[in-house]
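# Commentary on secondary and tertiary structure
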Amino acid sequence: MTITDARQPRRLPNSPHRAGPREWLALAVVVLPVLLISIDNTVLTFALPQVSIALRPTGEQLMWLVDIYPLMLAGLLIAAGSVGDRFGRRRLLLIGAVGFGLASVGAAFSSSAEALITWRILLGVFGATLMPSTLSLIRTIFVRRDDRRMAIAVWAATFAGGAALGPVMGGYLLEHFWWGSVFLVNVPIIVVFLAAATFLVPESRDPRPRRLDASGIVWSMTAMLPFVYGIKQLAEHGLSAEPLGAMALGAFGGAMFVRRLKTSTHPLIDVGLFSDRVFSGAIGANLLSMMGYAGFLFFAAQFLQLIVGLSPMAAATVLVPGLAVTMLASFVVVRLARLAPVHALVSLSFALSAAGYAIAAFVGTPTMWSIMIAFAVLGLGIGFAETLTNDVMLSRVPEHQAGAASAASETAYEIGAVLGTAILGSVLTASYRANLTVPAVAHFGEHDSAFETLGGTMEQASYFPNVVGEELVLSAHAAFEHAVQLTSMAGIIVALGAAWVSWRTLRDAALD
């Protein structure tokens, strides 16, 4: 099989021939946006201590800095998939890449927490235009099942690897430059992508595209933004009318979004896809896998730098074994799938993720080594799961619905990242604040927000080079270590829940 000229719509041959060098080169280009989006999901994590000092965000703002980006992605991916189906997936990729690069430059030079949050919103908007076309283009380019399975393994390895590569790249940059450099790293990747995609990636459109449903977009955002805001407020301020009202609004928005999908003549996504038990199970598994992954990275970066005392680069290096294991597992599981049922392998993968969290929770006081091993075990499970669930998901839908199916899968990833930071991050923050003891002298003249985060507390401690500062540091360390263990216990519950969902829903899945 060969790819037609990138300027012309591609027509598939009747027989599934093996992919050639041009197809694999096209895959290398297609996964660049996946790498970009995945890196940006986590690259800010290791910069949080420096951002806390430079921009002085509150604890709530700190979490918004991390998850407003995947939240915007989650809210707009399906809409962007509809736009790509109508106007061309490659065209949308190119437009989104330009906008993403400009927003990256703006984020790098932000002078306040509010400005950085704004640029992160724009990164999410343009990022949403990049993601939906990737898996659907893989479905178009790779007709033969074996080739497509391996291409999806590359896609999954890139996505999972990029999530861990983000902190590694961020650690190196933070050791040599200021915190804004973690965003400028996007620019050279975008330049390479724009040049290569023009010649190697074929244009692709849905032959029967739907009209863009503006009401559906509004209801999807109404569902997600208030709900996550409510979770944050609940963790920050406890049970009150504001977080409950926000979560109720989110639930209402979710109900209206589902109703809109069912009644619209041009829904953002065909709800009939979710009537397939296997398809829905694969989507749910993707959401839960990313929830656990993002939650672990949220506390690991702060722990390694501010508790263990490693430099950003050294802290990032601790995650390298987990990065390698995750990427390797994505390819190994393709062979394992020939020997064992899919639902058993996916369930096992989440059991491994639970084991990774258990190491962080129960093997004594968390240390650098326990975090390294825990992340490697967690990564092994995630690497297994992502390849299998995405291959199953794509195999359950006809080709003309591949874009919608891909958008649903990627939306689940982003919602999972949001919930991982919002729920597990809120558990971490609430536990830390509940167990932190601030000496009266250190608290004098400071607002509570100065001690809401570990980075803020350590900065305040530096102002007291005496017994007061020492007491504050010891209290902060003990409180955060306890918070890591409690958050890891919550992570175990998430992983075991994913294993149960996979076992129940993927029984009828087959990769052959």
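As a starting point, this report considers the structure included with it. (Residues numbered from 1 in each chain as written. Predicted model: local features only at pLDDT ≥ 70, side-chain atom pairs only at ≥ 80, totals over all residues. Heavy atoms only, no water.)

## Digging into the overall build of the chain
Counting its secondary structure elements, the chain contains 20 helices and 0 strands. The burial tally for the chain puts 60% of its 512 residues in the buried class. Residue pairs at least 24 apart in sequence account for 84% of intrachain contacts in the chain once pairs closer than 6 positions are excluded. Accessible surface, the chain: about 18800 Å² in total, of which carbon and sulfur atoms supply 67%. (Helix = DSSP H or I, 4+ residues; strand = E, 2+ residues; numbered from the N terminus. Buried < 20%, exposed > 50% of the residue type's maximum accessible area, 1.4 Å probe, protein only. Contact = heavy atoms within 4.5 Å. Areas by Shrake-Rupley, 256 points an atom, 1.4 Å probe, with all protein chains shown as cover.)

## Points about the nonpolar core
Membership of the largest hydrophobic core comes to 153 residues, with the highest contact counts inside it found for Ile-138, Trp-155, Phe-183, Phe-296, Phe-299 and Phe-480. Not counting residues within four places of it along the chain, the set of residues in contact with Phe-296 comprises Tyr-357, Ala-360, Ile-371, Ala-374, Phe-375 and Leu-378. (Core = buried A, V, L, I, M, F, W, Y, C linked by side-chain atoms within 4.5 Å.)

## Focus: the packing of aromatic side chains
For the coordinates displayed, the defined rule picks out 8 aromatic pairs. With centroids separated by 5.5 Å and ring planes inclined at 35°, the aromatic side chains of Phe-109 and Trp-178 adopt a geometry described as tilted. A residue pair is termed long-range when its members are at least 10 positions apart, and Phe-109 in the loop between helix H4 (89–108) and helix H5 (113–130) and Trp-178 in the loop between helix H7 (145–176) and helix H8 (181–184) qualify at 69 residues. For Phe-109, a relative accessible area of 56% puts it in the exposed group. Ring plane angle 80° and centroid distance 5.7 Å describe the contact between Trp-219 and Phe-252, whose orientation is recorded as edge-to-face. Within this pair, whereas Trp-219 is found in helix H10 (residues 214–237), its partner Phe-252 is found in helix H11 (residues 241–263), the two being separated by 33 residues in sequence. For Trp-219, a relative accessible area of 24% puts it in the partly exposed group. (Phe/Tyr/Trp six-rings, centres within 6.5 Å; stacked < 30°, edge-to-face > 60°.)

## Re helix H6 (residues 132–141)
Along H6, 10 of the 10 residues are buried, which leaves the element largely enclosed by surrounding structure. Inspection of H6 places Pro-132, Ser-133, Thr-134, Leu-135, Ser-136, Leu-137, Ile-138, Arg-139, Thr-140 and Ile-141 among the buried residues, and these make up the whole buried set.

## A word on the side chain of Thr-389
Looking at the element boundaries, Thr-389 is found in helix H16 (residues 368–395). Of note is the side chain of Thr-389, whose polar atom sits 2.9 Å from the backbone oxygen of Ala-385. Among residues more than four places away in sequence, those in contact with Thr-389 are Ala-282, Ala-285, Asn-286 and Val-346. (Polar contact = N/O pair within 3.5 Å; in protein donor to acceptor, adjacent residues only side chain to side chain.)

## Examining the packing of helix H14 (residues 320–336) against H16
At their nearest, the axes of H14 and H16 sit 7 Å apart, and the two run at 35° to each other. Handedness of the crossing formed by H14 with H16: right-handed. Here H14 contributes Pro-321, Gly-322, Leu-323, Val-325, Thr-326, Ala-329, Ser-330, Val-333, Val-334 and Leu-336 to the contact with H16, which in turn contributes Met-372, Phe-375, Ala-376, Gly-379, Leu-380, Gly-383, Phe-384, Thr-387 and Leu-388. In terms of residue class, the contact of H14 with H16 is made up of 13 nonpolar, 6 polar and no charged. (Axes fitted to C-alpha atoms, helices over the stretch in contact; angles between N-to-C directions. Left-handed = near helix turned anticlockwise from the far one by under 90°. Nonpolar A, V, L, I, M, F, W, Y, C, P; charged D, E, K, R; others polar.)

## What about helix H15 (residues 342–362)?
An ideal rise of 1.5 Å per residue puts 30 Å on 21 residues; H15 measures up with 30 Å between its terminal C-alpha atoms. Just downstream of H15 lies Gly-364, where phi reads positive at about 65°. (Expected span 1.5 Å × (residues − 1).)

## Concerning the environment of Ser-330
With respect to the helices, strands and loops of the structure, Ser-330 is situated in helix H14. Ser-330 sits in the buried class, given a relative accessible area of 0%. Expressed as a C-alpha distance, the spacing of Ser-330 and Gly-379, which sit 49 residues apart in the sequence, is 9.9 Å. When sequence neighbours within four positions are dropped, the list of residues in contact with Ser-330 reads Ala-153, Ala-156, Ala-157, Gly-383 and Thr-387. Reaching out from Ser-330, the side chain makes a polar contact with the backbone oxygen of Thr-326 at a distance of 3.2 Å.

## Quick look at the packing of helix H12 (residues 277–307) against helix H20 (residues 467–505)
Relative orientation of the contacting elements H12 and H20 amounts to 165°, with a least axis distance of 9 Å. If you check the angle between H12 and H20, you find them roughly antiparallel. The chirality of how H12 crosses H20 is left-handed. (Parallel < 35°, antiparallel > 145°, perpendicular 65-115°, else oblique.)

## Looking at the side chain of Ser-475
Locating Ser-475 in the fold gives a position in helix H20. The class for Ser-475 is buried, based on a relative accessible area of 12%. Once you skip the residues sitting within four places of it in the chain, Ser-475 turns out to touch Asn-435, Leu-436 and Thr-437.

## Brief notes about the environment of Ile-190
By the secondary structure assignment, Ile-190 is in helix H9 (residues 186–200). Classification of Ile-190 by relative accessible area gives buried; the value is 5%.

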